[in-house]
Amino acid sequence: MTPICGVLLLSVLNSALTSGLRLIEVREIILELYQFSSMTVLLLLAAFYGGTYFLTTFIKKDQEDADAFMVSNQRIGYGMGAASMTATWIWAASFYAAATSGYTYGVSGPLHYGLWGALMILFIYPFGRRFRKLAPQAHTLGEVIHARHGSSSQLILALSNLLGSIISLMVNFTAAGALVSVLSPLSFQTGVIIAGVGVLSYTLWSGFRASVLTDFAQLIALMAIAIVIIPAVLFAMGGPSVMLDGFSNLTAQQTDFFSSDAILYQGAPYFVAVLAYAIGNQTISQRLFAVNEDHIKPTFITATLGYGAIVVGLGMIGLMALTLGVEPLNGDMNNLIPQMVSSYLPPIFIGLFFILVIGSLSSTADSDLAALSAIVMADVYGKNIAKGKVNPQRMLLIGRLTMVTATMIGIVLASFSFDILVALVFVGALWGAIVFPVIASCYWNRVTNKAFTSAVLSGLALFCVARFELLPMTGAIAVLFELLASVGGGVVIGLMAFGFLGKRLGFAAGILAGLALMYFAVGFLREYTVLLSSLVAYGVSTVVCVALSLASREHFDFDLIAKRVGHYDDRADIEEAKLSNAHLARESL
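Residues numbered from 1 in each chain as written. Predicted model: local features only at pLDDT ≥ 70, side-chain atom pairs only at ≥ 80, totals over all residues. Heavy atoms only, no water.

### Side note on the overall build of the protein
Of regular secondary structure, the protein possesses 25 helices and two strands. Burial statistics for the protein: of 589 residues in total, 59% are counted as buried. Across the protein, every contact between residues at least 6 apart in sequence was considered, and the portion connecting residues at least 24 apart equals 85%. In the structure as shown, the protein presents an accessible area of about 22,400 Å², 68% of it carried by carbon and sulfur atoms. (Helix = DSSP H or I, 4+ residues; strand = E, 2+ residues; numbered from the N terminus. Buried < 20%, exposed > 50% of the residue type's maximum accessible area, 1.4 Å probe, protein only. Contact = heavy atoms within 4.5 Å. Areas by Shrake-Rupley, 256 points an atom, 1.4 Å probe, with all protein chains shown as cover.)

Right, here's the structure in full:
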């Protein structure tokens, strides 16, 4: 789930239009957009949310404590962790935006969407190992930053996470309402309310544990249905031969596997965005802190491969529509997959598709609720209100109240179709400006609180100047911003190389990439506003952070982080100690 994904999904707000069968003409063939009866859709929703709630009844309620509610006491295994990571990242936008990429950019579109999203999951792995080493008992990345810098830096990160998860929640509820209104006579608001109440019902009591358990089941169903639906659409439309024949109608860029349009308009901006998401979003870091430390590497590698395979496959449906010459209903790209499925497949497959989308958006929505509750419990209450003197039962209550409040806000925003494009843009910029200061704070002992906050705010400010063209992007001003963006590009490449190859190669790759971009970007990058502004956020925050840190004489002791971040509820630790003592006693006999 990224800000760019959210922007691509915003047009789904227009999908909740009139009920009844809708007709479109594609190559003189009339295709019907199938609709279920209201009762059928209500039964499908009841079966899905009822079954999901039933799964959560297997969670032992007597083991609930504040730490389990937020991160399952860091005991999530490999299978559950990988499934939960994959299911969380495959949200409603993964369907619509992947198909849009295939339809817009042709053969390379699905790869640019799926590949960079998958790399995001892999990217956080090496840095995640560092985060866990510094704070083995952390619940949020904000706690690590609080221990490193204090409240101001932590609250910047917490605020960006809160805004991002609320927006994600709203977008997923919106997608549910649109899907229900398109495939049944039920209203848009009905779909929104059912999705909100359904997700809250199975997440409220057990929090993150319920999210992970249901993610596993939802991913298994999602994979099974996707494996059936994608080939079924292909062969129903005539098979690979018909698709290949349609390639004659594509442009040169759409048939080019290395399309420059796809790279500059889709791949590069998305790559930069998902990099920011890897660091800036609590749904990802929450799973990082919850997985058993020995299983972090296989968990993230498996999630990378799973996400990439499923999303690229979904994007191929958009490519199929392009080769057939299908026109999106009402000009809305988000109607492509429902059109293809309902036009070429029988009702039972359409029902499976309905469950597929509801499952994907619900898995992300419950992760958002779990993330929001953890942020308020740990970052707001634990560190800034209780200041470490936490009442575990009160913390649990605050977490559940946060879920209820967030669900209500998400339903209201979705029901009234508020325009959140500007909010998405700001959250995306905030995440981009946060990436380098967060990572540097966990490796470089000279980064200060002043350097962190100044870097983020400066990056956000100049992002806005570039993104909204508050200054004319011509002449010396444009050159300055292109040079800053080149620094940002070098930072992106350098951080990735640093994570996987070490400090020396990371520095070398970053410097070489930055210099190369300076040579090619001047006079060129100003034409690509989204990419320019995103890279400016990286570049400016890096320059400011490094400059202010070098001017400081502070040298932080990283061992202090583990001492300052711990569990809030000692019941689980006491129980674990009892079990360990009992085991030792049996061995001594």
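### A short note on the environment of F520
Here F520 is to be found in helix 22 (residues 503-521). Among the residues examined, F520 registers a relative accessible area of 59% and is labelled exposed. For the pair F520 and S486, spaced 34 residues apart in sequence, the C-alpha to C-alpha distance is 9.1 Å.

### What about the confidence of the model for the protein?
Confidence in the prediction of the protein, expressed as mean pLDDT, is 85, and 88% of residues score 70 or more. Long-range and interchain partners of residues 1-31, a stretch whose pLDDT sits below 50, account for 94 contacts in this model, where long-range means more than four residues apart. (pLDDT = per-residue confidence, 0-100.)

### Remarks on the pattern of salt bridges
Counted according to the given criterion, the structure contains three salt bridges. Across the salt bridge formed by R148 and E554, the nearest N and O atoms sit 3.8 Å from each other. Of this pair, R148 sits in helix 7 (residues 141-149) while E554 sits in the loop between helix 23 (529-550) and helix 24 (559-564); the two residues are 406 residues apart in sequence, bridging distant segments of the chain. The exposure class of R148 is buried, given its relative accessible area of 5%. Of the residues examined, E554 reaches a relative accessible area of 32% and is grouped as partly exposed. Residues D215 and R287 are paired through a salt bridge, measuring 3.3 Å at the closest nitrogen-oxygen approach. Taken as a pair, D215 in helix 10 (residues 208-236) and R287 in helix 14 (residues 282-290) lie far apart in primary sequence, 72 residues in all. (Salt bridge = Lys/Arg side-chain N within 4 Å of Asp/Glu carboxyl O.)

### Quick word on the packing of aromatic side chains
Overall, the coordinates contain twelve aromatic pairs when judged by the stated rule. Taking 5.3 Å as the distance between ring centres and 50° as the angle between the ring planes, the aromatic pair formed by F524 and Y528 counts as tilted. You can call F524 partly exposed: its relative accessible area is 36%. Judged by centre distance (5.7 Å) and plane angle (80°), the rings of F556 and F558 are edge-to-face. On the basis of relative accessibility, which here comes to 12%, the residue F556 falls in the buried class. Take F558: its relative accessible area is 15%, and that puts it in the buried class. Grouped by ring-pair contacts, the aromatic residues F123, F127, Y443 and F498 constitute a single cluster. We note R130 situated over the ring of Y443; from NZ or CZ to the ring centre the distance is 5.2 Å. (Phe/Tyr/Trp six-rings, centres within 6.5 Å; stacked < 30°, edge-to-face > 60°. Lys NZ or Arg CZ within 6 Å of the ring centre and 35° of its normal.)

### Thoughts on the packing of helix 15 (residues 296-324) against helix 16 (residues 336-344)
Running from N to C, helix 15 and helix 16 cross one another at 75°; their axes reach a closest spacing of 9 Å. Taken together, the axes of helix 15 and helix 16 are roughly perpendicular relative to one another. In this structure, helix 15 uses L314, I317, M320, A321 and L324 to contact helix 16, whose residues at the interface are L336, I337, M340 and Y344. When its residues are assigned to classes, the contact of helix 15 with helix 16 shows nine nonpolar, no polar and no charged. (Axes fitted to C-alpha atoms, helices over the stretch in contact; angles between N-to-C directions. Parallel < 35°, antiparallel > 145°, perpendicular 65-115°, else oblique. Nonpolar A, V, L, I, M, F, W, Y, C, P; charged D, E, K, R; others polar.)

### A short note on helix 16
Burial analysis of helix 16 places seven of its nine residues in the buried class, the great majority of the element. Here helix 16 has its buried residues at L336, I337, P338, Q339, M340, V341 and S342.

### Some points on the packing of helix 7 against helix 17 (residues 347-385)
Between helix 7 and helix 17, the shortest axis-to-axis distance is 9 Å and the interhelical angle comes to 35°. Between helix 7 and helix 17 lies a crossing whose hand is right-handed. Taken together, the residues of helix 17 that come into contact with helix 7 (itself represented by G142, E143 and H146) are A378, D379 and K383. The residue inventory of the contact of helix 7 with helix 17, partitioned by class, reads one nonpolar, two polar and three charged. (Left-handed = near helix turned anticlockwise from the far one by under 90°.)

### A word on unusual backbone geometry
Although it is not a glycine, S72 adopts a positive phi angle of roughly 55°. Tracing the backbone shows S72 in the loop between helix 3 (66-71) and helix 4 (78-89). Positive phi, normally seen in glycine, also occurs at N73, with a value near 55°. Looking at the element boundaries, N73 is found in the loop between helix 3 and helix 4. The buried category is assigned to N73, whose relative accessible area is 11%.

### Overview of the nonpolar core
Residues F131, Y307, M340, I358 and I561 are the most contacted members of the largest nonpolar core, which totals 182 residues. Contact partners of Y307, with chain neighbours within four places excluded, come to T86, W89, I90, S94, Y113, G114, G117, A118, I121 and Y270. (Core = buried A, V, L, I, M, F, W, Y, C linked by side-chain atoms within 4.5 Å.)

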